Amino acid sequence: MAMTAITKQVVQKAIDEYIAGLQPSLRELNLKIHENPELAYKEQQAHDVLCEFLESQGIPTTRHAYGLKTAFESLSGNPTGRCVNFNAEYDALPGIGHACGHNLIATASVTAFLALAFAIQKFNLPGQAQLLGTPAEEEGGGKIDLIRAGAYEKADVSLMMHPISEEELISHKILGIAGQPSISCYDITAVYHGVSAHAAVNPWEGINALDAVVAAYNNISMLRQQLRPDERVHGAILQAPSITNAIPELTRTIYTIRSRTMERTRLLGTRVRRCLEAAALATGCKIELEEDQIYGDLVVNPPLCKGFAEYMDDQGIRVVATDDTLMAGSTDQGNVSQIMPALHAVVGIPVSNGAKNHTREFTAAAASDEAHRRTILAGKAMAMTGWRVLVDEDFYRDVKDAFPLTQKDTR
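Starting from 1, residues in each chain are numbered consecutively following that chain's sequence as written. With the structure being a predicted model, the display of local features is reserved for residues of pLDDT at least 70 and the display and counting of side-chain atom pairs for 80 or more, all residues being used for whole-chain, interface and lining totals. Side-chain descriptors were evaluated using all non-hydrogen atoms of the structure, hydrogens and water having been removed beforehand.

This part is about the overall build of the chain. Secondary structure elements are taken from DSSP: a helix is a run of H or I of four residues or more, a strand is a run of E of two residues or more, and numbering for both begins at the N terminus. For the chain, the count of helices and strands is 11 helices and 12 strands. What the globule rule says is 2.2 Å times the number of residues to the power 0.38, and the radius of gyration is computed from C-alpha atoms. Relative to the 2.2 N^0.38 estimate, which gives 22 Å for 411 residues, the radius of gyration of the chain is 23 Å and therefore close to what a compact globule would have. Principal axes of the C-alpha set define a box for the chain whose edges measure 85 × 45 × 40 Å. We call two residues in contact when some of their heavy atoms are within 4.5 Å. When contacts within the chain are restricted to residue pairs at least 6 apart in sequence, those whose partners lie at least 24 apart make up 81%.

In structure tokens form, the structure reads like this:
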């Protein structure tokens, strides 16, 4: 194993002592984000709080980075070496706040970035640490925007973690999974334009937009019979009529399409789009379609996962390296994993009643002391994984060699 003369234990001890000194301020940062939930692309306060904290630690930080109002970038180290990226998410969910624990994700990535930046400086290591503030993971795909803007061009690997309920893990006597594939997804919104008329006096002069949205719903419900076991189509009516005595002239509906890979998601999306268009054709309505960015399927990199699991185990948290069970959810970290070796580890936190993500119980759990403690441990494990990427040539070669092979096998 080709490492520098500095041992893992020496680096771990130095990082432990450094992060211990930051614990009060990291806890405060975590709670500030949790207590002020903001939706996708509107995370102004979280953006400012994170930037102010990083600047208070002497880290140069670019606000409103890469043309995104609530994105930021921090860099530390030598740009001539390899670059380890960490992604901080901080958007919340409508009505239920940080029910996916993005306050913890941000805290973990800030911890990892600061720890690796500290190690680079203390031990005069080659390479660079990059922290990206990535807005709009829940809706919109901030990382996709950042990829297109060139934010990841300097990075060689990308690392992040995500909290889940420990109830999903403890039956297997573990508290985390370093690598687990996820599916791809995107949204299609349809707006139906009809013609209003009096529903009793002259309904034949109207074109019924409510009929169109109902026809679309029925079309897609029939389509569901023909879906693969790992595919999902689920939707909602966003705008419907509120009176009965006029032919409805405007309705709006949205559908989320999920499949195993980006290619299959596009194909399934084509079938859904035809269902929506058929409803317009049958009713005589005009249709407007809007398609969001596609979230890529997550490509697992086994060497990165093994490294993270090892460093979590060093801290007393048992994490399995990989699990082939497909995650039903989606993440824009999947898009990052399509262009470079990436980690999206899941770490369990205690949640009342074992409730899962996107619930009020998970929102409460994301503010707990134990969730914060495990988040800090995950951040330090990511920093150590990043350290190994910078100094261990054999490890980095394994990571790079696994990337195209893994991508080929999972698409």
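Read on for the rest.
Strands are treated as partners if at least two bridges between them are detected by DSSP. Pairing of strand β1 (residues 61–63) with strand β2 (residues 72–77), which is carried by three bridges, proceeds in the antiparallel orientation. Of the residues in β2, the one forming a bridge with Thr62 is Glu73. Two elements, β2 and strand β4 (residues 128–133), share six bridges in a ladder whose sense is antiparallel. Each residue of the ladder has a partner; that of Leu75, found in β4, is Gln130.

This part covers the pattern of salt bridges. Here, a salt bridge means any side-chain nitrogen of Lys or Arg that lies within 4 Å of a carboxyl oxygen of Asp or Glu. With the rule as written, the count across this model stands at 23 salt bridges. Across the salt bridge formed by Arg82 and Glu393, the nearest N and O atoms sit 3.2 Å from each other. Residue Arg82 is found in the loop between β2 and β3 (83–88), and its partner Glu393 is found in helix α11 (residues 393–410); the two are separated by 311 residues along the sequence. Each residue's exposure class comes from its accessible area (1.4 Å probe, protein chains only) as a fraction of the maximum for that residue type: buried when under 20%, exposed when over 50%, partly exposed otherwise. For Arg82, a relative accessible area of 16% puts it in the buried group. Looking at Glu393, the relative accessible area reads 42%, which means it is partly exposed. A salt bridge links Arg228 to Glu231; the nearest nitrogen and oxygen atoms lie 4.0 Å apart. Note on Arg228: relative accessible area 48%, which makes it partly exposed. Through salt bridges with shared partners, one network takes in Lys8, Glu310, Asp314, Arg388 and Asp392.

With that settled, the discussion passes to the environment of Ile177. When you line up the elements, Ile177 lands in strand β6 (residues 176–179). Residue Ile177 is classed as buried on the basis of its relative accessible area of 5%. What Ile177 contacts, discounting residues up to four positions off in sequence, is Leu169, Val319, Val320, Thr322, Asp323, Ala345 and Val346.

Next up on the list: unusual backbone geometry. The phi torsion at Asn124 lies on the positive side, around 55°, for a residue other than glycine. When you line up the elements, Asn124 lands in the loop between α3 (102–122) and β4. Within the chain, Asn353 stands out as a residue other than glycine whose phi angle is a positive 60°. As for its placement among the helices and strands, Asn353 is situated in the loop between β12 (342–349) and α9 (360–365). For Asn353, a relative accessible area of 75% puts it in the exposed group.

Now for the sheet that holds strand β8 (residues 232–239). Paired through their backbone hydrogen bonds, the strands of a sheet run either parallel or antiparallel. Strand order in this open sheet of four strands is β8-β9-β7-β10, and the pairing throughout is antiparallel. A single partner strand is all that each edge strand has here, and the edge strands are β8 and β10 (286–291). For this sheet the average axis-to-axis angle between neighbouring strands, irrespective of direction, equals 20°. Orientation is described by lines fitted to C-alpha atoms, with helices fitted over the stretch in contact, and by angles between N-to-C directions that extend from 0 to 180 degrees. Running over the sheet, helix α5 (residues 209–223) touches β7 (184–193), β8 and β9 (250–259) and is turned about 15° from β9. Packed on one face of the sheet, helix α6 (residues 262–283) meets β7, β8, β9 and β10 and runs near 15° to β7.

This paragraph deals with the domain arrangement of the chain. Many descriptions give the size of an interface as the accessible area lost when the pieces come together. What counts as a domain boundary in this text is fixed by an automatic or database domain assignment. We note that the domain assignment places domain 1 (8–182 + 296–402) and domain 2 (184–291) within the chain. With centres defined by C-alpha atoms, the gap from domain 1 to domain 2 works out at 37 Å. Tallying the contact residues gives 10 residues for domain 1 and seven residues for domain 2. Both sides together, the interface formed by domain 1 and domain 2 hides about 630 Å², and carbon and sulfur atoms give 54% of it. Buried area adds together the accessible area that both of two parts lose upon being put together, with accessible area traced by a 1.4 Å probe. Three residues stand out in domain 1 for area buried against domain 2, namely Asp297, Leu326 and Ser330, and they jointly supply 59% of the buried area on that side. In this assembly, domain 1 and domain 2 are joined by one salt bridge. The shortest N-O distance in the salt bridge between Arg260 and Asp297 comes to 3.9 Å. Within 3.5 Å is the distance limit for a polar contact, defined as a pair of N or O atoms, with the added protein rule that one can donate a hydrogen and the other accept it, and that residues adjacent in sequence qualify only through two side-chain atoms. At the boundary of domain 1 with domain 2, the tally comes to three residue pairs in polar contact (both at pLDDT 80 or more). Per-class residue counts for the side of domain 1 that touches domain 2 are three nonpolar, six polar and one charged. Polar here means any residue outside two lists: the nonpolar Ala, Val, Leu, Ile, Met, Phe, Trp, Tyr, Cys and Pro, and the charged Asp, Glu, Lys and Arg; Gly therefore counts as polar.

Two elements in contact, α3 and helix α10 (residues 369–391), have axes whose closest approach is 7 Å; the angle formed by their N-to-C orientations is 40°. On the basis of their axis angle, the class for α3 and α10 is oblique. Of the two elements, α3 crosses α10, and the hand of that crossing is right-handed. Residues Leu104, Thr107, Ala108, Ser109, Thr111, Ala112, Ala115, Leu116 and Ile120 of α3 touch α10, and the partners they reach there are Ala371, His372, Thr375, Ile376, Gly379, Lys380, Met382, Ala383, Gly386, Trp387 and Leu390. A class-by-class count of the residues in the contact of α3 with α10 yields 12 nonpolar, seven polar and one charged. Angular relationships are summarised with four words: roughly parallel below 35 degrees, roughly antiparallel beyond 145, roughly perpendicular across 65 to 115, and oblique for the angles in between. By definition, turning the near helix anticlockwise from the far helix through less than a right angle yields a left-handed crossing, and turning it clockwise yields a right-handed one.

This part is about the packing of aromatic side chains. Ring geometry is summarised as follows: Phe, Tyr and Trp rings, the Trp one being its six-membered ring, pair when their centres sit within 6.5 Å, and such pairs are stacked at plane angles under 30 degrees, edge-to-face over 60 and tilted between the two. Applying the stated criterion across every chain, the model contains two aromatic pairs. Pairing Tyr18 with Phe118 gives two aromatic rings, centres 4.3 Å apart and planes at 0°, and the pair type is stacked. Of this pair, Tyr18 sits in helix α1 (residues 8–35) while Phe118 is found in helix α3, placing the two residues 100 residues apart along the sequence. Residue classification places Tyr18 among the partly exposed residues on the basis of a relative accessible area of 22%. Taking relative accessible area as the criterion, Phe118 reaches 21% and is therefore assigned partly exposed.

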